[in-house]
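Spelled out, the chains give:
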Amino acid sequence: MHTSFHTENVSTETNQDTFNIYGTQLTSRLLIGSALYPSPQSMQQSIQASGAQVVTLSLSRQNPQANGGETFWQLIQSLGLHLLPNTAGCHSVNEAVNMAKMSRELFQTDWVKLELVGDDYNLQPDPIDLVKATEMLLNDGFKVLPYCTDDLVIARHLVELGCEVIMPWGSPIGTGKGIMNPYAIQAIRDRFPEVTLIIDSGIGKPSHATQAMEMGVDGILLNTAIAHANQPEMMAQAFAQSIQAGRLAYLSGLMTERSTASPSTPTLDTPFWHQIQYG
C-alpha cells in the first residue's frame with residue numbers, strides 16, 4: 001500500500017490544499033482544455049463551472065490572429081485564467097520547439113504543454129524526441145510540462161533535465177479508458193514525490209479521476225470527457241467534485257486492502273474504542 005503522502009502543500013494554518021506549477025500555487029486541481037466543445041459559449045460556461053484555474057489552448061487551432069480566432073481569444077481572456085499553450089499535432093523536435101516559441105510570443109507565457117506525437121495510430125508521445133525538445137525548451141527559459149507515457153525511466157530523464165511537472169497519460173488521448181496501468185503511475189508517484197504529477201489523457205469519467213487522485217497524483221487535465229458530454233457544463237462540475245473527493249480520500253489515508261473478511265460490528269459488550277478492526 002502507498003503510504004508516502006504527497007502533502008507538503010497542505011497548510012494546517014489556513015487549511016488550504018494547494019499544488020505547485022513552477023512556483024505558481026493553485027487551489028483547483030482540475031486543468032481544462034478548450035477544444036471540441038459544441039460552441040464557444042459551451043466552452044466558456046463549462047470552464048467556469050469546472051472551477052479550473054488553468055486552461056490549455058493550441059496555436060494550431062486557436063491562433064488569435066487567424067480567421068475566427070479573435071472571438072475565441074476574447075472568450076479565453078475574459079475568464080482570467082492561467083494559459084497553458086500546447087504543441088498539439090507536432091511530429092518533430094523542430095516543429096514542437098518552433099510552435100512553443102510562437103505560442104510564447106502570442107499568449108505571453110513561458111508555460112508550455114509539450115506534446116510530440118510519435119505514432120499516429122494511438123497518438124503516443126515520442127519518448128526520445130520528447131526528451132530532446134524538453135531540454136531545448138528548458139534551456140530557452142520555458143517552463144515545460146511534458147506530456148509523456150507512463151514510463152518511469154522517461155519520467156526520470158525529464159526530471160533530471162529540470163522538469164518540475166510531469167504529465168503522463170492514463171491511456172491514449174481521447175480513448176476514455178482511464179488509468180490502464182495503475183502500477184506504472186504509482187511507481188512514478190513514489191519515485192518522484194517532489195514532482196507535480198498530472199494525469200494528462202485518457203480520463204473518461206469522474207470515477208477515473210477519483211481513482212487517480214486517490215493514488216496521490218496532484219491534478220487531472222481534461223478536455224474530451226467534458227467537451228463531448230451531453231451536458232458539458234454539468235460534467236465539468238462532476239469532474240471538479242470527483243477530483244476533490246479523490247484528493248480528500250488520499251489525504252485521509254485509505255484503509256489497507258485485505259485478502260480475508262474482517263468484522264466491522266463490535267464484539268458484544270466490548271467498547272467500540274477497544275476494537276482493533278474498524279469498518
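Described below are features of the structure shown in this document. These numbers were taken from a predicted model, which means no experiment stands behind them.

Describing the pattern of salt bridges
If you walk through the whole model with that rule in mind, you get ten salt bridges. The partner of Asp129 in a salt bridge is Lys132, and the shortest N-O contact between them spans 3.9 Å. Here the residue Asp129 and the residue Lys132 both occupy positions in helix α5 (residues 127-139), the gap between them amounting to three residues, near one helical turn. Asp129 sits in the buried class, given a relative accessible area of 19%. Between Arg156 and Glu160 there is a salt bridge, with the nearest N and O atoms lying 3.0 Å from each other. You can see Arg156 and its partner Glu160 sitting in helix α6 (residues 152-161), four residues apart, about one turn around the helix. Taking relative accessible area as the criterion, Glu160 reaches 53% and is therefore assigned exposed.

Observations concerning the packing of α5 against α6
In contact at an axis separation of 10 Å, α5 and α6 are set at 10° when each is read in the N-to-C sense. When the interaxial angle is binned, α5 and α6 end up roughly parallel. Side by side, α5 and α6 meet where Pro127, Leu130, Val131, Thr134, Glu135 and Leu138 of the first sit next to Ile154, His157, Leu158 and Leu161 of the second. Tallied by class, residues from the contact of α5 with α6 come to seven nonpolar, two polar and one charged.

With respect to the nonpolar core
One finds Ile21, Tyr22, Ile166 and Ile220 to be the most contacted residues of the largest nonpolar core, which totals 73 residues. In this structure Tyr22 touches Trp111, Leu138, Lys143, Val144, Leu145, Gly162, Cys163, Glu164 and Val165, once residues within four positions along its chain are discounted.

Here we look at the packing of aromatic side chains
The relation between two aromatic rings is expressed through the spacing of the ring centres and the mutual angle of the planes. Using the criterion set out here, one finds zero aromatic pairs in the structure. Over the face of the ring belonging to Tyr147 we find Lys113, whose NZ or CZ atom lies 5.7 Å from the ring centre.

Re the pairing of strand β11 (residues 143-148)
Summarising burial for β11: five of the six residues are buried, a large majority. Sheet analysis places strand β8 (residues 111-114) next to β11, joined by four bridges and oriented parallel. When the bridges of β11 are listed, Val112 appears paired with Val144. The sheet contact formed by β11 and strand β12 (residues 165-168) spans two bridges and is parallel. Note that in β12 the partner of Cys148 across the bridge is Pro168. In terms of handedness, the path from β11 via α6 over to β12 forms a crossover that is right-handed.

Overview of the layout of surface pockets
Reported here for the largest pocket is a volume of approximately 660 Å³. Leu36, Ile173, Gly174, Asn223 and Thr224 are the residues nearest the centre of the largest pocket, which is lined by 32 residues in total. Mapped onto the lining of the largest pocket, the elements with two or more residues apiece are β6 (54-58), α2 (59-62), β14 (219-222) and α9 (224-227). Considering each element in turn, the lining of the largest pocket owes the most residues, three residues, to β6. Among the residues forming the lining of the largest pocket, the class breakdown is 14 nonpolar, 14 polar and four charged.

Considerations on the pairing of β14
Within a regular beta strand, the side chains point alternately toward one face of the sheet and then the other, so they alternate between its two faces. Going residue by residue along β14, you find Gly219 and Leu221 tucked away on one face and Ile220 and Leu222 tucked away on the opposite face as well. Alignment of strand β5 (residues 30-33) against β14, held across three bridges, turns out to be parallel. Note that in β14 the partner of Ile32 across the bridge is Leu222.

A word on the environment of His157
Relative to the helices and strands, His157 is located in helix α6. Once the C-alpha coordinates of His157 and Val131 are considered, the two residues, 26 residues apart in sequence, prove to be 7.2 Å apart.

A look at helix α8 (residues 206-214)
An α-helical turn contains 3.6 residues, so any two residues separated by three or four positions project in the same direction. Of all the positions in α8, only His208, Ala209, Thr210, Ala212 and Met213 are classed as buried. Turning to α8, the residues buried within the fold contact β13 (196-199), β14 and α10 (232-252). Looking one or two residues past α8, Gly216 carries a phi angle of roughly 100°, positive in sign.

Looking at the packing of helix α4 (residues 93-107) against α5
Two numbers describe how α4 lies on α5: the axes approach to 9 Å, and their chain directions differ by 35°. Judged by the sense of rotation from one axis to the other, the crossing of α4 with α5 is right-handed. Residues Val93, Val97 and Ala100 of α4 form the contact with α5, whose own contacting residues are Asp129, Lys132, Ala133, Met136 and Leu137. For the contact of α4 with α5, the class distribution of residues is six nonpolar, no polar and two charged.

Rules and cut-offs
Residues numbered from 1 in each chain as written. Predicted model: local features only at pLDDT ≥ 70, side-chain atom pairs only at ≥ 80, totals over all residues. Heavy atoms only, no water. Salt bridge = Lys/Arg side-chain N within 4 Å of Asp/Glu carboxyl O. Helix = DSSP H or I, 4+ residues; strand = E, 2+ residues; numbered from the N terminus. Buried < 20%, exposed > 50% of the residue type's maximum accessible area, 1.4 Å probe, protein only. Axes fitted to C-alpha atoms, helices over the stretch in contact; angles between N-to-C directions. Parallel < 35°, antiparallel > 145°, perpendicular 65-115°, else oblique. Contact = heavy atoms within 4.5 Å. Nonpolar A, V, L, I, M, F, W, Y, C, P; charged D, E, K, R; others polar. Core = buried A, V, L, I, M, F, W, Y, C linked by side-chain atoms within 4.5 Å. Phe/Tyr/Trp six-rings, centres within 6.5 Å; stacked < 30°, edge-to-face > 60°. Lys NZ or Arg CZ within 6 Å of the ring centre and 35° of its normal. Pairing = 2+ DSSP bridges. Right-handed = clockwise from strand over helix to strand, strands pointing away. 1 Å grid on protein atoms, 1.4 Å probe; cavity = no way out; pocket = protein on both sides within 12 Å on 5 of 7 lines; lining within 4 Å. Points joined across faces, edges and corners; volume = space filled by probe spheres on them. Left-handed = near helix turned anticlockwise from the far one by under 90°.

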